[in-house]
Amino acid sequence: MRKEKLKELKEYMKELSTIKKIKEPEEYSYDEKGNPIKPKNFINIEKYNCILRNGMMIPREKIVKNGKTGSAAIILPITEENNTLLVVQPRVFTKETVCVELPAGYIEDGESPIEAGKRELEEETGYVPTEMKVIASFYQDQGCSSAYNYSILALGCKKIKGQKLDKDEYIRYFECSFDEALELVENGYITDLQSQFTIEKAKSYIYQKKSKK
């Protein structure tokens, strides 16, 4: 990777890394009998007893995110200049406390994966594509979740506005060539499986497109 691009990426990673984690005490409300009511968190666990066709019953726990499955769209953006867009953001429970990833986000009720991908890309980077296509789909963690994710290739991306982040979101976007994105996977900068998987799935399409030029 170009030295100046690697320096830029490392500066973003340093800026958004975590230096301290403080666990807050849980807050409870109480019912009319004085019993504590479990707080409604973004992530909750549902418990099930599942009866199998063979008559056996197995206990299982399911992760629910904000009352939904947690299905997501993962976007690999290719700009008009044939560069790739990555995002750098705090991931406080990883050993690095910050991750380099592809843009991604949850699919809201009533949205298709493509619609969710377009919205998340625009919010996180300010770029809008001219074409989007689903190139793969996969379960995220089928042992404890029904989340089903979609890898999406976004082509002809053009910067049209600034980022539109939630109040607790801190994201830097980073532009590099696709070959440099592959280097970041190989050199241990891109470590999440969904980004690695999406980049790998996009390789054949992108190189095929390059060979036709």
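Just above, that's the structure.
Residues numbered from 1 in each chain as written. Predicted model: local features only at pLDDT ≥ 70, side-chain atom pairs only at ≥ 80, totals over all residues. Heavy atoms only, no water.

Draft legend 1. Seen up close, the overall build of the protein. Across its full length, the protein carries four helices and 12 strands. Each principal axis of the C-alpha distribution contributes one length, and for the protein these read about 70 × 45 × 30 Å. In the protein, which comprises 213 residues, the share counted as buried stands at 35%. Counting only contacts in the protein whose residues sit at least 6 apart along the sequence, the fraction spanning at least 24 positions is 64%. On the protein, roughly 13,700 Å² of surface is accessible, and the fraction owed to carbon and sulfur atoms is 51%. (Helix = DSSP H or I, 4+ residues; strand = E, 2+ residues; numbered from the N terminus. Buried < 20%, exposed > 50% of the residue type's maximum accessible area, 1.4 Å probe, protein only. Contact = heavy atoms within 4.5 Å. Areas by Shrake-Rupley, 256 points an atom, 1.4 Å probe, with all protein chains shown as cover.)

Draft legend 2. Summary view of the nonpolar core. Counting residues in hydrophobic clusters, the biggest one holds 27 residues, and the most contacted among them are L9, L76, L86 and V88. Contributing elements (two or more residues each) for this core: α1 (3-15), β5 (72-79), β6 (83-90), β7 (98-101), β11 (148-159), β12 (172-177), α3 (178-186) and α4 (193-211). When neighbours within four sequence positions are excluded, L9 is seen to be in contact with V88, V100, F174, L184 and Y189. Grouped together as the second largest cluster of nonpolar side chains are 11 residues, I75, A116, L121 and C157 included. (Core = buried A, V, L, I, M, F, W, Y, C linked by side-chain atoms within 4.5 Å.)

Draft legend 3. Representation of the packing of aromatic side chains within the structure. The tally for this structure, following the rule as stated, stands at six aromatic pairs. Ring centres of F42 and Y106 lie 6.0 Å apart, and the angle between their planes is 45 degrees; this geometry places the pair in the tilted category. Of this pair, F42 sits in the loop between β2 (36-37) and β3 (43-51) while Y106 sits in strand β8 (residues 104-106), placing them 64 residues apart in sequence. Connected via pairs of aromatic rings, a cluster forms that spans Y139, Y148 and Y150. (Phe/Tyr/Trp six-rings, centres within 6.5 Å; stacked < 30°, edge-to-face > 60°.)

Draft legend 4. Structural view of the side chain of E124. Tracing the chain through its elements places E124 in helix α2 (residues 113-125). Residue contacts for E124: discarding those within four places in its chain leaves V87, P103, A104, Q163, L165, E169, I171 and Y173.

Draft legend 5. Region of interest: the pattern of salt bridges. For the structure shown, the criterion picks out 11 salt bridges. Here E131 and K133 are joined by a salt bridge, their closest N and O atoms 3.8 Å apart. Take E131: its relative accessible area is 36%, and that puts it in the partly exposed class. Judged by its relative accessible area of 29%, K133 is partly exposed. Salt bridges here are not isolated pairs; linked through shared partners, they connect E111, R119, E120 and E123. (Salt bridge = Lys/Arg side-chain N within 4 Å of Asp/Glu carboxyl O.)

Draft legend 6. Region of the structure containing unusual backbone geometry. With a phi close to 55 degrees, N66 is a non-glycine residue in the positive phi region. Along the chain, the position of N66 falls in the loop between β4 (57-65) and β5. Positioned with a positive phi, T97 is a non-glycine residue whose angle comes to about 70 degrees. The exposure class assigned to T97 is buried, which follows from its relative accessible area of 9%.

Draft legend 7. Fine view of the pairing of β6. The element β6 is largely enclosed, with a buried count of six among its eight residues. As defined by bridge partners, β6 adjoins β12 across six bridges and the pair is classed as antiparallel. Bridging from a neighbouring strand, T84 pairs with C176 of β12. The sheet contact formed by β6 and β7 spans four bridges and is antiparallel. Paired with Q89 across the two strands is C99, which belongs to β7. (Pairing = 2+ DSSP bridges.)

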